[in-house]
Amino acid sequence: MCAGPTARERFLRHLAVCSWFCLGFFALPPGLLADTASARSHDATPAAVRSPIVFCGASDSPPYEYLDAQGQPKGFNVELMRALAKEAGRDVEFRLGPWNEVLGHLQAGEVDIVAIAYTEERAQRYDLLADTWMLQGVAAFLPGRRSYPRDAFSLGNEVVATVERSRMHDLLLALPENLRPRIRPVASPTDTVRLLLRGEVTAAAGNVLHLRRAKVDLAAADLVEIPITASPYYLATKKGQGGEFAWIPVALAKLKERGEFAGLVERYLA
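A. Examining unusual backbone geometry more closely. Cis geometry is found at the peptide bond from P62 to P63, where omega equals 5°. If you trace the backbone, P63 turns up in the loop between β2 (60-61) and β3 (65-67). The backbone of R165 shows a phi angle near 65°, a positive value even though the residue is not glycine. Summarising the element assignment, R165 is placed in the loop between β8 (159-163) and α6 (167-174). On the accessibility criterion, R165 (35% relative accessible area) is partly exposed.

The structure is reproduced here in structure tokens:
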């Protein structure tokens with residue numbers, strides 16, 4: 001009967017196996033070692049790494065959102081989103097372009113967040129995350145007229161320029177046909193005032209701050225403003241995605257507590 005290996009022989013065999021493994025490992029080509037290290041590093045990437053939030057807005061909608069002379073995003077919504085993202089430890093990117101394309105990008109899932117005026121139809125179509133302001137809508141006219149409309153229901157004889165797919169555009173389209181003005185959809189608030197100054201329309205309708213900024217940019221004479229509507233202003237996302245951005249109201253409350261929100265209002269909207 002053969003005796004089994006002694007403890008010393010078992011140890012020597014184990015040592016030989018370990019030595020062979022180590023020699024084989026260090027004999028691996030350098031590139032394979034690098035690939036292995038890279039794979040381990042990739043596997044160790046934390047699951048919490050998240051892609052930046054994408055905010056989409058209008059490129060010509062000051063003071064809320066716009067591109068400056070260097071093509072950089074500026075405005076109240078831009079700075080607010082930066083502050084909210086910083087508060088939550090998130091990154092944010094901005095894509096500003098024609099307003100009539102913004103909601104289409106959101107609906108297609110190409111961007112995450114937009115800022116929109118409230119309507120019942122929009123409340124059904126999108127998830128409203130947090131209201132940030134109250135938008136005042138007006139119709140602006142050249143001075144010197146004998147009389148002016150009193151409200152939206154008095155615009156029936158006017159030709160009104162307004163931004164396509166804006167809250168004001170929706171409101172004018174919703175008027176009864178016999179009270180609805182002739183509507184001239186345009187791309188930007190500046191275009192509404194430009195057409196008014198040229199005499200191509202009789203009124204420019206939209207957000208009051210948009211129109212006042214356009215009036216300054218175009219060196220326009222004083223315009224007569226008639227109040228039309230007031231709407232809450234919301235940060236919104238695609239329907240069904242609101243839960244992903246539940247941190248936004250919390251972050252907004254903290255900005256308000258510290259006075260940062262009031263500072264942005266003073267800087268851009270006062």
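B. Molecular detail of the nonpolar core. F76, L80, M81, L84, I113, L235 and I248 are the most contacted members of the largest nonpolar core, which totals 44 residues. Per-element tally for this core: the top contributor is helix α3 (residues 76-88), with six residues. When sequence neighbours within four positions are dropped, the list of residues in contact with I113 reads I53, V54, F55, C56, M81, L106, L129, L235, A236, F245 and I248.

C. Representation of the environment of V224 within the structure. Structurally, V224 can be placed in strand β11 (residues 224-238). For V224, a relative accessible area of 24% corresponds to the partly exposed category. Taking C-alpha positions, V224 is 8.2 Å from A139, a pair spaced 85 residues apart along the chain. Not counting the four nearest positions on each side in its chain, V224 is found in contact with A139, A140, F141, L142, P143 and Y148.

D. How the structure looks around the pairing of strand β7 (residues 126-141). Bridge count for β7 against β11 is 14 bridges, and the pairing is antiparallel. Note that in β11 the partner of D131 across the bridge is Y234. Pairing geometry for β7 and strand β10 (residues 203-207), over four bridges, is antiparallel. Bridge pairing in β10 links A140 to A204.

E. Region of the structure containing the packing of aromatic side chains. Considering all chains together, one arrives at six aromatic pairs under this definition. Relative to Y233, the ring of Y64 lies with its centre 5.3 Å away and its plane at 70°, an arrangement referred to as edge-to-face. Taken together, the residues span a long stretch of sequence, with Y64 in the loop between β2 and β3 and Y233 in strand β11 at a distance of 169 residues. We classify Y64 as buried; its relative accessible area is 2%. Residue Y233 is classed as buried on the basis of its relative accessible area, which comes to 6%. For the pair F141 and Y148, a centre-to-centre distance of 5.8 Å together with 65° between the ring planes defines the contact as edge-to-face.

F. Summary view of the sheet that holds β3. A sheet is described by the order of its strands in space; here three strands give the open sequence β2-β3-β4, paired in antiparallel fashion. Strand pairing shows two members of the sheet lacking a second neighbour, β2 and β4 (73-74), which therefore form its edges. In terms of strand pairing, β2 meets β3 through two bridges, oriented antiparallel. When the bridges of β3 are listed, S61 appears paired with E65.

G. View of α3. Helix length check: α3, at 13 residues, gives a terminal C-alpha distance of 18 Å against a target of 18 Å (1.5 Å per residue), a fit within 8%. Of all the positions in α3, only F76, N77, V78, E79, L80, M81, A83, L84 and A85 are classed as buried. After α3 finishes, the residue G89 shows a positive phi value of roughly 70°.

Calculation criteria
Residues numbered from 1 in each chain as written. Predicted model: local features only at pLDDT ≥ 70, side-chain atom pairs only at ≥ 80, totals over all residues. Heavy atoms only, no water. Helix = DSSP H or I, 4+ residues; strand = E, 2+ residues; numbered from the N terminus. Buried < 20%, exposed > 50% of the residue type's maximum accessible area, 1.4 Å probe, protein only. Core = buried A, V, L, I, M, F, W, Y, C linked by side-chain atoms within 4.5 Å. Contact = heavy atoms within 4.5 Å. Pairing = 2+ DSSP bridges. Phe/Tyr/Trp six-rings, centres within 6.5 Å; stacked < 30°, edge-to-face > 60°. Expected span 1.5 Å × (residues − 1).

None of the figures reported here should be taken as evidence of function without further support.
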